[in-house]
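Per-entry structural report
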Amino acid sequence: MQTLSSIQFRNDFVSTFDGDQSGNLTPRQTPHVLYSKATPTPVKKVTLLAWSDELAKELEIENPTDQNDVDILGGNIVTPSMQPYAACYAGHQFGNWAGQLGDGRAITLGELRTSTGKVWELQIKGPGPTAYSRRADGRAVLRSSVREYLMSEAMFHLGVPTTRALSLVSTGDLVMRDMFYDGNPEFEPGAIVMRVSPSFLRFGNFEMPAARGEIDNLKKLVDWTIERYYPHIHGEDKILTWYKEIVERTASLMVEWLRVGFVHGVMNTDNMSILGLTIDYGPYSFVDDYDPTFTPNTTDLPGRRYAFGKQASIAKWNLGCLGGAIAPLLPNTDELVKVLDGYDDFFWNRFYIMMGSRIGLDDLKLDDVNLINEFEKTLRMIKPDMTIFYQLLIDLPLNTDNKHDVVDHFKGSFYKELSQMEVDTLYSLIKIYVERIASNTISREESVMRMRKTNPRIILRNYMLHQAIEDLEKGNDGLFVKLQEAMKEPYSKKFDEFFAKRPSWATQKAGCSMLSCSS
Ligand code: AMP
Ligand code: MG
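Residues numbered from 1 in each chain as written. Chains lettered and ligands numbered in written order. Predicted model: local features only at pLDDT ≥ 70, side-chain atom pairs only at ≥ 80, totals over all residues. Heavy atoms only, no water.

The domain boundaries assigned to the protein chain delineate domain 1 (4–200), domain 2 (204–352), domain 3 (364–454) and domain 4 (462–506). On a C-alpha basis, the centroid separation for the pair domain 1 and domain 3 is 43 Å. (Domains from an automatic or database assignment.)

Put into structure tokens, the structure is as follows:
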């Protein structure tokens, strides 16, 4: 165990690649380099609001005991072994090429190797301008920082691949934001999250040198990424094998998002992790009422490109961009296209396996695909609360044959009164489901256990976050602390006070259902 101040950071990325060492924080294009040196701009007063004990243990870092440690978390102290930088990346945003983007408000402080040999990148989000801040301030507000801190940890405990968060600090500074994009900006309290991941590399880090025709930089980055993060991949076809693994990791991640009902909201290629992790928590949401067309991001509204039900196909589109970026390193694109085409089979296979576990089936039989599709159709029609519906399915008494009783059993998940047709559809689904469950070759206990493991009971709903943030802004951290605890046990009944539908007051309220990107 070591203190934050005593960590000897490694700086492998910085020492491996060409970077702009000037330290100039004026926004600019930075051709030929993969990063620019960036020192955090000090804030007024760093105060610790939250700290993840479990992650600290894994990182072998002692809990902060003095102001020096806390200052590190807010960027006010840069220790001698740190070589802070902002990465240069590009991206496709909402389907269009956006050119150079880069870490506009994130600075990586250094890399940490634990005694198990695992290497972690430590990055602060909101530390002030970098070469990539464009016209913005490089800062983050408390609202968005609480959301990233709580949600990335919640996703971890749900078992979904994700970057993590070690700490949340307030900065004592005020940050101006136009939350509703309506020309009425207001001051909000500033904050900084220290986030942690083996790597924050995105598809966009590869798109950037490719777009600039910097093939040497691209090749070096690809080779390094494979060697460091995919060390099991060797041989002549290693780039193709690597791409295939990214395709599969990304497809698996999409299945995981569908499993827990997560909608990212901004699936631009600069927000797609090269390790298949959930990255960059912005205007995300869980689905409450089941609706594949739901997008939480107000900016996404006209086209709903990043809607819940579209995420899997958008991920494939993004993988196509990554494929295009690495194509110059391959003799031809035929194999690359074949690998990308394999995305669909891989995704659907994983999806049906997940759904089979979700509803407690033994092995998947051909007919089960129809049953699973019926679940999808029925949920689309009656729009129940997805999480609560599947929890109620676990508790379904299998001897119920009365239509009224069946519908009554699921009542707690409904957001509306069901029509006769909806009642009939739900009843007939449950009838065939019960028959199928009766043919299971596994015990009822085993079937229920699968369902409990697949279906979370407690999800971090936007309205809960909204309330926790409002309280925190008033100096009351009760709900925030409680949510932090509850998120650690999303599959248990221990925190059933959060096992509740979205209340009606939250349906139209900004920040409770839909959010802007302003953060
Ligand atoms: P995001 O939509 O949060 O993934 O951000 C897209 C791009 O905008 C990234 O290059 C960010 O670094 C940049 N960005 C977002 N907010 C800010 C900010 N407040 N200051 C500087 N850059 C920002
Ligand atoms: Mg981003």
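Across the twelve residues of strand β11 (residues 186–197), nine count as buried, placing the element largely inside the fold. Here strand β8 (residues 119–125) runs beside β11; their pairing, made up of five bridges, is antiparallel. In the sheet register, Q123 faces β11, and the bridge partner there is R195. In terms of strand pairing, strand β9 (residues 140–141) meets β11 through two bridges, oriented antiparallel. The partner of V141 across the bridge, within β11, is G190. As paired elements, strand β10 (residues 164–177) and β11 share ten bridges and run antiparallel to each other. Of the residues in β11, the one forming a bridge with S170 is A191. (Buried < 20%, exposed > 50% of the residue type's maximum accessible area, 1.4 Å probe, protein only. Helix = DSSP H or I, 4+ residues; strand = E, 2+ residues; numbered from the N terminus. Pairing = 2+ DSSP bridges.)

Moving on, we get to the side chain of Q311. As for its placement among the helices and strands, Q311 is situated in helix α8 (residues 311–326). A polar atom in the side chain of Q311 sits 2.9 Å from the backbone oxygen of F262. Apart from the residues within four sequence positions on either side, Q311 is in contact with M254, W257, F262, V263, H264, M267 and Y306. (Polar contact = N/O pair within 3.5 Å; in protein donor to acceptor, adjacent residues only side chain to side chain. Contact = heavy atoms within 4.5 Å.)

Inspection of every chain in the model, using the stated rule, returns 38 salt bridges. Among the salt bridges present, the one from D223 reaches K238, with a minimum N-O distance of 3.3 Å. Remark: K238 occurs in helix α7 (residues 238–260) and D223 occurs in helix α6 (residues 215–229); sequence separation between them is 15 residues. With a shortest N-O distance of 3.1 Å, E248 and K244 are connected by a salt bridge. Pair noted here: E248 and K244 are both in helix α7, with a separation of four residues, about one helical turn. On the basis of relative accessibility, which here comes to 24%, the residue E248 falls in the partly exposed class. (Salt bridge = Lys/Arg side-chain N within 4 Å of Asp/Glu carboxyl O.)

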